[in-house]
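# Structure at a glance
Next come the chains, spelled out residue by residue.
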Amino acid sequence: RRRATAAKEQDKKMVDNTRQSLADAVDRMQGLVQNAEWKEAYKLLKYAKATLDLLESKSTSLPKWVTQDLPSLQAQVLENSGEHGGIMLKTLWELAGWTEPRRLRDYWSKRMETTEKIVPKQRNKLQTEAVLQGAVSMIEGENPMKMIRFLLSSTFTDTVVERNLILDDVAPFLQEYARRRGFEYVTAEMRWGIREGAADEHQTSDICMQELDRCIRDSAGINYVLILGQKYGFRPFPSKIERKEFNGLVSKIPSAADQELVRGSFELDTNALDEEYVLQSIDQSGAKFRKMQVLLR
């Protein structure tokens, strides 16, 4: 009996030490993520995987902070380290406390089997009339209304977990739900839809608005989902400014050197209907662009 008690106490001590090691690893990982040391953070992520496996083998409940901190850290490390091969500790819905994917959970499985009918969006009468009059460019494609397509919008850096949870847990359910009712389901995810060159050419806002227009046009139902947190989004100054307004803005900048910086980054387009200054290609992560953000506020 003494040996059994000693073994039990030793086992409890080992579990407590393991939980503390996991806590220490998460703390260190937070510091590495803040400093963008992704390779080192990835190594700790692998350690956390082994530690979680050990705790689960002992049927030990996970600390509350695991479900609070680790999903965000995991998403950021995997997204930035370039190391994606088989390291996912758990799916995000598992870390959120669910034991089954959404389609197998009681409430959602019942919703999956319901017989409500999705009504396709009605044909655009104005488009039909225009096409009959020869405006072939008005044709939007074959059967564009049998689709559910929405733009997922948020500030990127503070909603990593929320966005990934939608893609990991909600999107597969919606895709299957729509398929059973004869619809195609698409989530427009702009984190991977804008190339660096397009950003440097100041096309980000235009690309996002074009995708939103596409969702509004093609979707038979919901077309926009917004996630709001505690952070302001990116607010770039316009890439095109009318000549009179541009000159007025520049005249308010006190430093001649700063005025020259702004003027040197724009070029006057005299072919525009109203003459305007057009922002030239510039690295949006560079110091020059950041300074212009301040000067043109």
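Presented here is an overview of the structure given in this document. (Residues numbered from 1 in each chain as written. Predicted model: local features only at pLDDT ≥ 70, side-chain atom pairs only at ≥ 80, totals over all residues. Heavy atoms only, no water.)

## A look at the side chain of Asp169
Positionally, Asp169 belongs in helix H7 (residues 160-180). Here Arg105 takes part through its side chain, which lies 2.5 Å from a polar atom of the side chain of Asp169. With residues up to four places along the chain from it excluded, the contact list for Asp169 reads Trp93, Trp98, Pro101, Arg102 and Arg105. (Helix = DSSP H or I, 4+ residues; strand = E, 2+ residues; numbered from the N terminus. Polar contact = N/O pair within 3.5 Å; in protein donor to acceptor, adjacent residues only side chain to side chain. Contact = heavy atoms within 4.5 Å.)

## Examining the pattern of salt bridges
Within this structure, the stated rule accounts for 13 salt bridges. Note that Glu113 and Arg180 form a salt bridge whose closest N and O atoms lie 2.8 Å from each other. Residue Glu113 is found in helix H5 (residues 106-113), and its partner Arg180 is found in helix H7; the two are separated by 67 residues along the sequence. When its relative accessible area of 55% is taken as the criterion, Glu113 is described as exposed. A salt bridge links Glu211 to Arg214; the shortest N-O distance between them is 3.9 Å. Residue Glu211 and its partner Arg214 are both found in helix H9 (residues 204-218); the two are separated by three residues, about one turn of the helix. Accessibility expressed as a relative area gives 35% for Arg214, which makes it partly exposed. (Salt bridge = Lys/Arg side-chain N within 4 Å of Asp/Glu carboxyl O. Buried < 20%, exposed > 50% of the residue type's maximum accessible area, 1.4 Å probe, protein only.)

## Considering the sheet that holds strand E2 (residues 184-189)
The strand order E2-E1-E3 describes an open sheet built from three strands, whose pairing is parallel. Sheet topology places E2 and strand E3 (224-227) at the edges, where each strand pairs with a single neighbour. Shown here is a sheet whose adjacent strand axes are inclined to one another by a mean of 20°, direction ignored. Sheet topology places strand E1 (residues 147-154) next to E3; four bridges connect them, and they run parallel. (Pairing = 2+ DSSP bridges. Axes fitted to C-alpha atoms, helices over the stretch in contact; angles between N-to-C directions.)

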